[in-house]
Each structure stands twice: as C-alpha cells, then as structure tokens.
Amino acid sequence: MEYALHCRRYAAVTSAKKILIYIDADACPVKDEVYKVADRYRLKVFVVANSFINTPRDMDVERVIVPDGPDVADDWIAERAVPGDIVVTQDIPLADRVVKAGAIALSPKGKVFDEASIGMALATRNLMEDLRSFGEQTGGPRPFSQKDRSQFLQKMDQIVQQLKRQGFAV
C-alpha cells in the first residue's frame, strides 16, 4: 500500500476526521438530496464522473472528472474512501470495496451496505449478470420512486448523525 494512503487511513481512525461524501455520479438520481444534507451539515462533497455534471456553486462541492474507462470513477473513489466517509453508489462492486475500506456505502434507495449484507448483494448481482449473459430476460430494478428519494434522505441524515456521535467532525 502506498505510504501516503496508509498515513491517511491511520489519521482517519486516530483523530477527529471530517466527514466526506463521495457520489458515484454517473446516473445517480439523488445528487440534489446529497447536496441538501451536505449543505445542512456543511460537509465536503466530491461528485465523481467521467463527464461534466452540473454542481452547486455556493457549496463545498468539488466536481471530479475522471478519464473514460471501466471502473475509473470507482477506482478514484475506492482509493480515497476511509472510515468516516459516505459513498453514494448503486454499483455493488464499488460498495464492496468501500465497505472493506471501512467507509459507509449507501445506495440511492437508502440501503446501507455493510459487512453482513455486501456478500449477498454481490452474489445476487453476479447471478443476475450470469443469467443475462445466457440470454435470460431479467426484469431489472424497479423504477426509482419518491418513496426511495425520501428513504434516502432519511438514511443519509441518520448516517451523518451516527458518524458525529462516533466522533467524526462536520
């Protein structure tokens, strides 16, 4: 492991680290909700994508445009996520990497991935991918709803409160 990364991870668990939010922004339906929570708590947000995405100008939001390529945005996020960070993603392999790094992975529908749930999520994802590769018609996920949006907002707020109670700074 790169020495600077090791130092960052060590510092993250030994001092009052600021909570950071990373958005896997390509096709993320809850960017505005993340901005709302981040603004309430004055949290830094990284919006990571491989193309230009509009971001608020009056907040601490940093747009990160990575080169095209498979998993480039995921790699950028996974290399930086440490305990006390929140990663908003619907990408299960990225969520797995984030959980292994000690950060919190949150889906746009408000589902928190943790060590207990990520294995099943990966297995389900891989099974569905295998079925599709054999020509099986899978229904895909249900449409994103207002209830999902509300559930996300509630869970995001709960996570920030939980991290604050654990000693992470806002």
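In the nomenclature of an unreviewed UniProt entry, the chain is known as UPF0178 protein KGB56_19715 of Pseudovibrio brasiliensis. We quote the UniProt Sequence similarities (unreviewed entry) comment for the chain here in full: "Belongs to the UPF0178 family."

Caption draft 1: Spatial organisation of the overall build of the chain. Per the secondary structure count, the chain includes six helices and six strands. Element order for the chain, N to C, with α for helix and β for strand: α-β-α-β-β-α-β-α-β-β-α-α. Out of the 170 residues belonging to the chain, those deemed buried represent 41%. Within the chain, counting contacts between residues at least 6 apart in sequence, those at least 24 apart form 54% of the total.

Caption draft 2: Looking closely at helix α4 (residues 92–100). Every buried residue of α4 is accounted for by Ile92, Leu94, Ala95, Asp96, Val98 and Val99. Its side-chain oxygen placed 2.7 Å from the backbone nitrogen of leucine 94, aspartate 91 serves as the N-cap of α4. Phi for glycine 102, located one or two positions after α4, is positive at around 95°.

Caption draft 3: Molecular detail of the environment of valine 34. You can see valine 34 is positioned in helix α2 (residues 31–41). When the C-alpha atoms of valine 34 and leucine 153 are compared, they prove to be 7.7 Å apart, with 119 residues separating the residues in sequence. With residues near it in sequence (within four places) discarded, valine 34 still touches Ile21, Ile23, Val45, Val88, Phe152 and Met156.

Caption draft 4: Structural detail: the packing of α2 against helix α6 (residues 146–165). Two elements in contact, α2 and α6, have axes separated by 10 Å at closest approach and are oriented at 30°. Considered as vectors, α2 and α6 are oriented roughly parallel to each other. The handedness of the crossing between α2 and α6 comes out as right-handed. Where α2 approaches α6, its residues Glu33, Val34, Lys36, Val37, Arg40 and Tyr41 are matched on the opposing element by Arg149, Phe152, Leu153, Met156, Asp157, Val160, Gln161 and Lys164. Each residue belonging to the contact of α2 with α6 can be placed in one class, and the counts come to seven nonpolar, one polar and six charged.

Caption draft 5: Geometry of the pairing of strand β1 (residues 20–24). Counting buried positions along β1 yields five of five residues, so the element is predominantly enclosed. Burial of β1 is two-sided: the residues Leu20, Tyr22 and Asp24 facing one way and the residues Ile21 and Ile23 facing the other way are all buried. As paired strands, β1 and strand β2 (residues 44–49) are joined by five bridges and run parallel to one another. The residue of β2 that forms the bridge with isoleucine 21 is valine 45. Note that the unit made of β1, α2 and β2 has a crossover that is right-handed. In this structure, β1 lies alongside strand β4 (residues 86–88), joined through three bridges in parallel fashion. In the sheet register, tyrosine 22 faces β4, and the bridge partner there is valine 87.

Caption draft 6: Layout of the nonpolar core. Ile21, Ile23, Val34, Val45, Val47, Ile86 and Met156 are the most contacted members of the largest nonpolar core, which totals 28 residues. Those residues within four positions of methionine 156 in sequence are excluded, and the remaining contacts are Ile21, Val34, Val37, Ile86 and Leu106. Residues Ala78, Ala95, Ala105 and Phe113 belong to the second largest nonpolar core, which totals 20 residues.

Caption draft 7: Representation of the sheet that holds β1 within the structure. Spatially, β3-β2-β1-β4-β5-β6 is the arrangement adopted by the six strands of the open sheet, whose pairing is mixed. Lying at the two open borders of the sheet, with one neighbouring strand each, are β3 (61–65) and β6 (112–113). With five bridges connecting them, β2 and β3 associate as parallel partners. By the bridge assignment for β3, valine 48 is matched with valine 64.

Cut-offs applied
Numbers given for residues are sequential positions, taken from 1 along each chain in its written order. The predicted nature of this model means local features are confined to residues of pLDDT at least 70 and side-chain atom pairs, given and counted, to a pLDDT of 80 or more, with totals for whole chains, interfaces and linings taken over all residues. Heavy atoms throughout the structure, all of them, feed into the side-chain values; hydrogens and water do not. UniProt positions are given in the numbering used here, feature names are shortened, and annotations may be inferred rather than shown by experiment. A run of H or I in DSSP counts as a helix once it spans at least four residues, and a run of E counts as a strand once it spans at least two, with each numbered from the N terminus. When a residue's accessible area, from a 1.4 Å probe over protein chains only, is under 20% of the maximum for its type it is buried; when over 50% it is exposed; and in between it is partly exposed. Any two residues having at least one pair of non-hydrogen atoms within 4.5 Å are treated as being in contact. For this analysis, a polar contact is any N or O atom pair within 3.5 Å, provided that within protein one partner can donate a hydrogen and the other can accept it, and provided that sequence-adjacent residues contribute only side-chain to side-chain pairs. Lines fitted to the C-alpha atoms define the axes, with helices restricted to the stretch that makes contact. Angles between their N-to-C directions range from 0 to 180 degrees. When describing relative orientation, an angle under 35 degrees is termed roughly parallel and one over 145 degrees roughly antiparallel, while 65 to 115 degrees is termed roughly perpendicular and anything else oblique. Note on convention: the crossing is left-handed when the near helix lies turned anticlockwise from the far helix by less than a right angle, right-handed when the turn is clockwise. Lys, Arg, Asp and Glu make up the charged group, whereas Ala, Val, Leu, Ile, Met, Phe, Trp, Tyr, Cys and Pro make up the nonpolar group; the residues left over, Gly among them, are polar. Here a strand pair is declared whenever DSSP counts at least two bridges between the two strands. Orienting the strands away from the viewer, one traces the path from the first strand over the helix to the second; a clockwise path indicates a right-handed crossover. Nonpolar cores were defined as sets of buried Ala, Val, Leu, Ile, Met, Phe, Trp, Tyr and Cys residues, with membership established by side-chain atoms within 4.5 Å.

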